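# Structure at a glance
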Amino acid sequence: MSVLKVFKKNMMLSVVVLLYAALFVFRTDMAILSLKNSSYYIIEMLQIIPVVFILTSLIEAWVPKKVIMNNLGEKSGIKGPIISLFLGSVSAGPIYAAFPICKMLLKKGASIANIVVILSAWAVIKIPMLANEAKFLGPKFMAVRWILTTVSIFIMAYVISTIVKKEDIQDAAANNKDEDAVSIKRQYCTGCGICVKLLPNLFQLKDGRAAVKRQPLDSKEADVAKVVWEKCPTKAITMN
Ligand code: SF4
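Residues numbered from 1 in each chain as written. Predicted model: local features only at pLDDT ≥ 70, side-chain atom pairs only at ≥ 80, totals over all residues. Heavy atoms only, no water.

Attention shifts here to the overall build of the chain. In terms of regular secondary structure, the chain is built from twelve helices and four strands. The principal-axis extent of the C-alpha atoms belonging to the chain is close to 65 × 55 × 30 Å. For the chain, the residues scored as buried account for 31% of the 240 residues in total. A fraction of 62% describes how many contacts in the chain between residues 6 or more apart in sequence connect residues 24 or more apart. Accessible surface, the chain as shown: approximately 15,400 Å² in total, 70% of it carbon and sulfur. For the chain, the distance from the average position of its 30 positive side-chain charges to the average position of its 16 negative side-chain charges is 5 Å. (Helix = DSSP H or I, 4+ residues; strand = E, 2+ residues; numbered from the N terminus. Buried < 20%, exposed > 50% of the residue type's maximum accessible area, 1.4 Å probe, protein only. Contact = heavy atoms within 4.5 Å. Areas by Shrake-Rupley, 256 points an atom, 1.4 Å probe, with all protein chains shown as cover. Lys, Arg positive; Asp, Glu negative; His and termini not counted. Charge placed at Lys NZ, Arg CZ, Asp CG, Glu CD.)

Following this line, the structure appears as structure tokens:
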């Protein structure tokens, strides 16, 4: 893999390393201070992330997809946001711990709106946070903020779910995967259906445009996908 590809694949990390290198050259004192702060957060993450991954794997293995879809899916009705609000409120740990769990819930059928509710509740109305708020700022302040924040969370969930579609998230995830990951720039797709006709296992038409059904399972399938990629008239298909 070329240096450029490694850089592209780990864009954020590469930029941080470059910034650190520049800081060490021009402001060593600031670089050392920054390194100390970063170490603190890295140690914190190393303590939390393994637990989060174990929890995520257990939910993924033990909770059936149907249960997630019924309770947090598009058709969960009013039950979905209420359960999501509860899950986010009783959670523990920093907000970054919520992302792998939410990604797994999304994969198992949770709706975008309910994921927004979980993340937002996790970030701003967790029960321990409310208890501290009531202690320092008074119960009235806490109650009014909770009501207004909860209403805002539901509005935000609705708005985000109308703007962001599941395919957008799947496309972004595919871009972060291995070398043979396939994704579609839906804005360039004309919906001609060539890719679907040639590789129905990997591609499907959704709302008049192509979407990735699943990633190639082996190098043989990846080779066929490369042929389809070449045939796409608008070059909407991308392969890392
Ligand atoms: Fe879209 Fe390209 Fe597939 Fe045609 S071949 S449906 S333009 S992605």
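In this section: the site of the ligand. In the vicinity of the ligand, 13 residues are found, and the nearest of them are Cys 189, Cys 192, Gly 193, Cys 195 and Cys 232. Of the residues in the shell around the ligand, the class split is nine nonpolar, four polar and no charged. (Near = heavy atom within 4 Å. Nonpolar A, V, L, I, M, F, W, Y, C, P; charged D, E, K, R; others polar.)

Direction of pairing for strand 2 (residues 203–206) relative to strand 3 (residues 209–212): antiparallel, over a ladder of four bridges. The residue of strand 3 that forms the bridge with Leu 205 is Ala 210. Counting the residues in the hairpin turn of strand 2 and strand 3 gives two residues, including Asp 207, whose phi is positive at 50°. (Pairing = 2+ DSSP bridges.)

Secondary-structure assignment places Lys 166 in helix 10 (residues 166–175). Residue classification places Lys 166 among the partly exposed positions, given a relative accessible area of 22%. In the structure, Lys 166 is positioned 22 residues away from Val 144 in sequence and 33 Å away in space, judged by C-alpha atoms. Sequence-distant contacts of Lys 166, that is, excluding residues within four places in its chain, are made with Leu 106, Gly 109, Ala 110, Ser 111 and Ile 112.

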